[in-house]
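Structural overview for review
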Amino acid sequence: LFGHKKGAFTGAENRRKGLITKADGGTLFLDEIGDLKVSSQIKLLRLLQNKQYYSLGSDVPKISDARVLLATNHDLRARMQEDLFRPDLFYRISSHHIHIHPLRERMEDVPPLTRFFMEEAAVSMNKNTPTPPPELFQLLNTYGFPGNVRELRAMVYDAVARHQGRLLSMDSFK
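Description of the structure in this document. (Residues numbered from 1 in each chain as written. Predicted model: local features only at pLDDT ≥ 70, side-chain atom pairs only at ≥ 80, totals over all residues. Heavy atoms only, no water.)

Considerations on the nonpolar core
Formed by 20 residues in total, the largest nonpolar core has its most connected members in Leu-140, Phe-145, Leu-152, Val-156, Val-160, Leu-168 and Phe-173. By residue number, the principal contributor to this core is helix 7 (residues 148-162), which donates six residues. Apart from the residues lying within four places of it in its own chain, the contact partners of Leu-152 are Leu-103, Val-110, Leu-113, Thr-114, Phe-117, Leu-140 and Phe-145. Core analysis: the second largest hydrophobic core is formed by 18 residues, Ile-33, Leu-44, Tyr-53 and Leu-89 among them. (Core = buried A, V, L, I, M, F, W, Y, C linked by side-chain atoms within 4.5 Å. Buried < 20%, exposed > 50% of the residue type's maximum accessible area, 1.4 Å probe, protein only. Helix = DSSP H or I, 4+ residues; strand = E, 2+ residues; numbered from the N terminus. Contact = heavy atoms within 4.5 Å.)

Okay, structure coming up:
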């Protein structure tokens, strides 16, 4: 994330730009920030508050011009109560909060997401995009998706990987 200087640790033979440096002038998306260790939360707070960060092994701060988007599936207020999430970071990131309901609460999104993932998977596997059978969406609408959108994506990728012919098999989804 922060990069490192040459010689910062054993095996650091070259300087390496971190993701923050690479995102300069653009957007940096950090997923699952609710799982960050407290020491990393301090560094993230410094980045968000002062736009400053340090590469590993450096004592010279760098300035970032990246827009930072954060996501988590944790209840950060509960994590704060357990002393697992810093209150100052919580209040810093709470200014622009968007809550997206889990997929099981918005089943109308399943068909367009499934079609999107089918096309994405087909392209990545150099295959033709299969046609979903009509009963596929009825079956998917009966499932609770504990793994949310990532689970749907994994299911679709698996089905496309096994796919032969024109009509997508239901076997992977059952």
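Here the narrative resumes, following the displayed structure.
Here we look at the packing of aromatic side chains
The relative placement of two aromatic rings is captured by the distance of their centres and the angle of their planes. What the rule picks out here adds up to four aromatic pairs. Ring geometry for Phe-2 versus Tyr-53: centroids 6.3 Å apart, planes at 35 degrees, classification tilted. In this pair, Phe-2 sits in the segment before helix 1 (19-22) while Tyr-53 sits in strand 2 (residues 52-53), placing the two residues 51 residues apart along the sequence. When its relative accessible area of 15% is taken as the criterion, Phe-2 is described as buried. For Tyr-53, a relative accessible area of 4% translates into the label buried. Measuring from ring centre to ring centre gives 4.9 Å for Tyr-143 and Phe-145, while their planes differ by 80 degrees; the resulting arrangement is edge-to-face. The ring of Tyr-157 carries the charged tip of Arg-153 above its face, separated from the ring centre by 4.3 Å. (Phe/Tyr/Trp six-rings, centres within 6.5 Å; stacked < 30°, edge-to-face > 60°. Lys NZ or Arg CZ within 6 Å of the ring centre and 35° of its normal.)

Some details on a positive patch on the surface
On the surface, a cluster of positive charge is contributed by Arg-15, Arg-16, Lys-17 and Lys-22. Among the secondary structure elements, Arg-16 is positioned in the segment before helix 1. Taking relative accessible area as the criterion, Arg-16 reaches 55% and is therefore assigned exposed. (Patch = residues over 30% accessible without salt bridge, like charges linked within 9 Å, V, L, I, M, F, W, Y side chains within 5 Å. Areas by Shrake-Rupley, 256 points an atom, 1.4 Å probe, with all protein chains shown as cover. Salt bridge = Lys/Arg side-chain N within 4 Å of Asp/Glu carboxyl O. Lys, Arg positive; Asp, Glu negative; His and termini not counted. Charge placed at Lys NZ, Arg CZ, Asp CG, Glu CD.)

Let's talk about the pattern of salt bridges
Oppositely charged side chains are able to pair whenever their charged atoms sit close together. In the structure shown here, the tally under the stated rule is six salt bridges. A salt bridge links Asp-109 to Arg-106; its shortest N-O distance comes to 2.7 Å. A relative accessible area of 24% places Asp-109 in the partly exposed class. On the accessibility criterion, Arg-106 (16% relative accessible area) is buried. Among the salt bridges present, the one from Arg-162 reaches Asp-158, with a minimum N-O distance of 3.0 Å. Residue Arg-162 and its partner Asp-158 are both found in helix 7; the two are separated by four residues, about one turn of the helix. Overall, the relative accessible area of 30% leaves Asp-158 in the partly exposed class. If you follow the salt bridges from partner to partner, you end up with Asp-31, Glu-32 and Arg-150 in one network.

Thoughts on helix 2 (residues 38-50)
With 13 residues, helix 2 ought to run about 18 Å at 1.5 Å a step, and its terminal C-alpha atoms sit 18 Å apart, in line with that. Turning to helix 2, its buried residues are Gln-41, Leu-44, Leu-45, Leu-47 and Leu-48. Viewed end-on, helix 2 has its buried residues packed into an arc of 160 degrees, placing them on one side of the element. Buried residues belonging to helix 2 abut helix 1, strand 1 (27-30), strand 2, strand 4 (67-70) and helix 4 (87-93). One or two residues past the end of helix 2 sits Lys-51, with phi positive at roughly 65 degrees. (Expected span 1.5 Å × (residues − 1). Arc of directions from axis to C-beta.)

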